[in-house]
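Summary of the model geometry
Spelled out from the first residue to the last, the chains are:
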Amino acid sequence: MDDLDQTLDSVGPRLRTLRKQRQTTLADLSQETGISVSTLSRLESGDRKPTLELLLPLAKAHGVTLDELVDAPPTGDPRIHMRPITRHGMTMIPLTKRAGGIQAFKMIIAPGARDRPQTPQVHEGYEWLYVLNGRLRLILGDNDLVISPGEAAEFDTHIPHWFGAADEQSVEFISLFGKQGERAHLRAQPKSATQHTK
């Protein structure tokens, strides 16, 4: 019973840390989860014991599993169980489980999924795409581009954008998305010595 009490006592600080990492206020989290600000505050301070009814929406809001939220002991199974999301012929497989920061997804657009609504979207953030297989069509503002395997694109998601298969073949690509506008920092080669001298 002591172990259970210790686990429950550690939930409050973990909730506060996750919320701070996401740079979210209690009011924002309350709106996202439907849990009152006072209840959220009492959970974080440890004045209220967490229940499954409270923890489930909080885990979803913070983008973590319930096990991660309560810091459950490892089971010894090294496999990562990611839940794919499929809609309009496109499958998104999350590759990261960290709340906040850059999120990584493997995206698969099925063959013949060209009937996806071609409605450009705008939202907060910055996105980086790298095509693995197939050809990706990217509509970005006034540009209509085709990205082939081994090619990448990065863009501010405030620019209207849409992507889909460029032909009848499936397309697979990696997407890195920073909700707060973080960019992917890539270094192709080390800086030369001349760059360090003035």
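Computed from a predicted structure; not experimentally measured.

**Observations regarding the overall build of the protein chain**
Helix and strand counts for the protein chain come out as five helices and nine strands. Starting at the N terminus and walking to the C terminus, you meet the elements of the protein chain as α-α-α-α-α-β-β-β-β-β-β-β-β-β. The burial tally for the protein chain puts 32% of its 198 residues in the buried class. Considering only contacts in the protein chain between residues 6 or more positions apart, those separated by 24 or more positions represent 62%.

**Section: helix H4 (residues 52-62)**
At 3.6 residues per turn, the α-helix brings residues three or four places apart onto the same side. Within H4, burial applies to Leu54, Leu55, Leu58, Ala59, Ala61 and His62. Each buried residue of H4 lies within a common arc of 160 degrees when the element is viewed along its axis, so the set occupies one face. Seen from the buried face of H4, the exposed residues on the opposite side, beyond 90 degrees, are Leu52, Glu53 and Lys60. Looking one or two places after H4, you find glycine 63, whose phi comes out positive at around 70 degrees.

**Considerations on the pattern of salt bridges**
Scanning all chains against the criterion turns up five salt bridges. In this structure, arginine 137 and aspartate 144 form a salt bridge, with 2.6 Å as the shortest nitrogen-oxygen distance. Within the structure, one salt-bridge network assembled from shared partners comprises Arg16, Arg19 and Glu44.

**Quick notes on the environment of serine 36**
Looking at the element boundaries, serine 36 is found in the loop between helix H2 (26-33) and helix H3 (37-45). C-alpha of serine 36 to C-alpha of leucine 26: the two residues are 10 residues apart in sequence and 8.7 Å apart in space. At a separation of 3.3 Å, a polar atom in the side chain of serine 36 contacts the side chain of serine 38.

**What to know about the sheet that holds strand S8 (residues 161-165)**
Strand order in the open sheet formed by three strands is S6-S5-S8, and the pairing between neighbours is antiparallel. Among the strands making up the open sheet, the edge pair consists of strand S6 (143-147) and S8. On average, each strand axis in the sheet is tilted by 20 degrees relative to the strand beside it, whichever way the strands run. Where strand S5 (residues 136-140) and S8 come together, five bridges link them in antiparallel fashion. The residue of S8 that forms the bridge with leucine 138 is phenylalanine 163.

Conventions used here
- Residues numbered from 1 in each chain as written.
- Predicted model: local features only at pLDDT ≥ 70, side-chain atom pairs only at ≥ 80, totals over all residues.
- Heavy atoms only, no water.
- Helix = DSSP H or I, 4+ residues; strand = E, 2+ residues; numbered from the N terminus.
- Buried < 20%, exposed > 50% of the residue type's maximum accessible area, 1.4 Å probe, protein only.
- Contact = heavy atoms within 4.5 Å.
- Arc of directions from axis to C-beta.
- Salt bridge = Lys/Arg side-chain N within 4 Å of Asp/Glu carboxyl O.
- Polar contact = N/O pair within 3.5 Å; in protein donor to acceptor, adjacent residues only side chain to side chain.
- Pairing = 2+ DSSP bridges.
- Axes fitted to C-alpha atoms, helices over the stretch in contact; angles between N-to-C directions.

This is a description of form; function is not addressed.
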